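Chains, contacts and geometry: an overview
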Amino acid sequence: MAPSASYSLQIHGGAGALDNVQDSKTAVRYLDSVRRVLEHGREVLELGGSALQAVETCASLLEDDPVFNAGCGSVLNEYGKVEMDAAIMDGRDLSAGAVAAVQNIPNPVQLARLVMSESEHVLLIAEGAMRFADHCGVVRAPDSYFSTADRVAQLERARLQHKMMLDHDDTEDDSEDQKYGTIGAVARDLSGNLAAATSTGGIVNKRMGRVGDSPIIGAGVYADNETCAVSSTGYGEEFMRSVIAKTIADFAYMQGMDAEQATAAGIEYLTRKVKGRGGVIVIDRDGRCASGFTTKKMVHGWIEHCGEAVARF
Ligand code: GLY
């Protein structure tokens, strides 16, 4: 099928050492979830839904799965509270919406979309974002929806080690065995439009009010029909400093690179400039899918040009 008449979709569920996936039951759990979400996204795109709709649907489903660090599976901050960040971007006109440090919102990516469509702003934070959610009729979820025994134990370990941990870190080793959690989706629809979405609970034991890269347009998310759609996962501070999503789009725009070339150039830049830890998923304007990561693994999967769903680490 010609690229112009096809759709593509790619999602991720965080990058890191992911040593726990040596256990085949855990590996199957991640990969099954990725395939299930991809098939939901396929349905949206096959029925003529927009790339924007597809990434919002996929990101919402990933937020609803407690295995991922976003939505109900979000990690806890220094006070044992969940504070989430999310963003969404439409490659048709560079419109974007984002929220940061929001609490009790089951699907922050949906609130980010409301910021895009129902306000004149791009980024709303904390109490202001939550008042906007109330104004839009978004139903809040109780603390118990987010706080799992695993997350409480994870925070206790981080406190005992006097450190911030970078999501799903279930070991004593803070150097390698980490998963830099975030979820994200990028899509190209049948009309050739691109979109991207990213959502996260951030990092374990983070300072109250800390905001990562996920809601920062150009760092955690970017989409432009002329170039590509990008969603990042990793240590947010490094992704913000390298403005990695826009940097990858710039490689495509200024040097005519396709998804694979721009991703490779972006990962090289991320590593060389800031020793960035994490990864990206990318779909270019022709619907080609690419991914890259500096960690041992990244949970991700894709459907390229209406093909089979592939799930990988
Ligand atoms: N990339 C997610 C974060 O640093 O918050």
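Residues numbered from 1 in each chain as written. Predicted model: local features only at pLDDT ≥ 70, side-chain atom pairs only at ≥ 80, totals over all residues. Heavy atoms only, no water.

**A few points about the confidence of the model for the protein**
Of the residues in the protein, 92% reach a pLDDT of 70 or more, and the chain-wide mean stands at 91. Considering only residues more than four positions removed or in separate chains, one finds that residues 168-177, a stretch of pLDDT under 50, has 26 contacts. (pLDDT = per-residue confidence, 0-100. Contact = heavy atoms within 4.5 Å.)

**Description of the environment of Ala-229**
The residue Ala-229 is located in strand S9 (residues 228-234) in this model. Sequence separation of Ala-229 and Ile-281 is 52 residues, and the distance between their C-alpha atoms is 8.2 Å. Discounting residues that sit within four places of it in the chain, Ala-229 has contacts with Val-186, Leu-194, Ala-195, Ala-196, Tyr-222, Ala-223, Ile-281, Val-282 and Ile-283. (Helix = DSSP H or I, 4+ residues; strand = E, 2+ residues; numbered from the N terminus.)

**Details of the sheet that holds strand S8 (residues 221-223)**
Pairing in this open sheet of four strands is antiparallel, and the strands run S8-S9-S10-S11 from one edge to the other. In this open sheet, the two edge strands, each paired with only one partner strand, are S8 and strand S11 (289-293). Averaged over all pairs of adjacent strands, the angle between their axes in this sheet comes to 10°, without regard to strand direction. In this structure, S8 lies alongside S9, joined through three bridges in antiparallel fashion. Its bridge partner lying in S9, Val-221 is registered against Ser-231. This element, helix H8 (residues 244-255), spans S8, S9 and strand S10 (278-284) of the sheet and lies at about 145° to S9. The sheet strands contacting helix H9 (residues 259-274) are S10 and S11, and the helix crosses S11 at an angle near 15°. (Pairing = 2+ DSSP bridges. Axes fitted to C-alpha atoms, helices over the stretch in contact; angles between N-to-C directions.)

**Some thoughts on the site of the ligand**
Near the ligand, the surroundings consist of Gly-181, Thr-182, Thr-200, Gly-202, Arg-210, Gly-212, Asp-213, Ser-214, Gly-234 and Gly-236. Between the ligand and the protein, one listed contact pairs an oxygen atom with a side-chain N or O atom of Arg-210 at 2.7 Å. With respect to the ligand, the backbone of Gly-236 contributes an N or O atom lying 2.9 Å from an oxygen atom. For the ligand, whose unbound accessible area comes to 190 Å², protein coverage reaches 100%. Residue classes in the shell around the ligand are distributed as no nonpolar, eight polar and two charged. (Near = heavy atom within 4 Å. Polar contact = N/O pair within 3.5 Å; in protein donor to acceptor, adjacent residues only side chain to side chain. Areas by Shrake-Rupley, 256 points an atom, 1.4 Å probe, with all protein chains shown as cover. Nonpolar A, V, L, I, M, F, W, Y, C, P; charged D, E, K, R; others polar.)

**A look at the packing of aromatic side chains**
In the structure shown here, the tally under the stated rule is three aromatic pairs. Between Tyr-30 and Phe-313, the ring centres sit 6.2 Å apart and the planes meet at 90°, which makes this aromatic pair edge-to-face. Of this pair, Tyr-30 sits in helix H1 (residues 24-46) while Phe-313 sits in the segment after strand S13 (310-312), placing them 283 residues apart in sequence. Judged by relative accessible area, which is 2%, Tyr-30 ranks as buried. A ring pair is formed by Tyr-145 and Phe-146, whose centres lie 5.0 Å apart and whose planes are at 90°; its orientation type is edge-to-face. Of the residues examined, Tyr-145 reaches a relative accessible area of 33% and is grouped as partly exposed. Within the aromatic cluster, the residues linked to one another by ring pairs are Tyr-30, Phe-68 and Phe-313. The ring of Tyr-235 has Arg-277 lying over it, and the distance from NZ or CZ to the ring centre is 4.4 Å. (Phe/Tyr/Trp six-rings, centres within 6.5 Å; stacked < 30°, edge-to-face > 60°. Buried < 20%, exposed > 50% of the residue type's maximum accessible area, 1.4 Å probe, protein only. Lys NZ or Arg CZ within 6 Å of the ring centre and 35° of its normal.)

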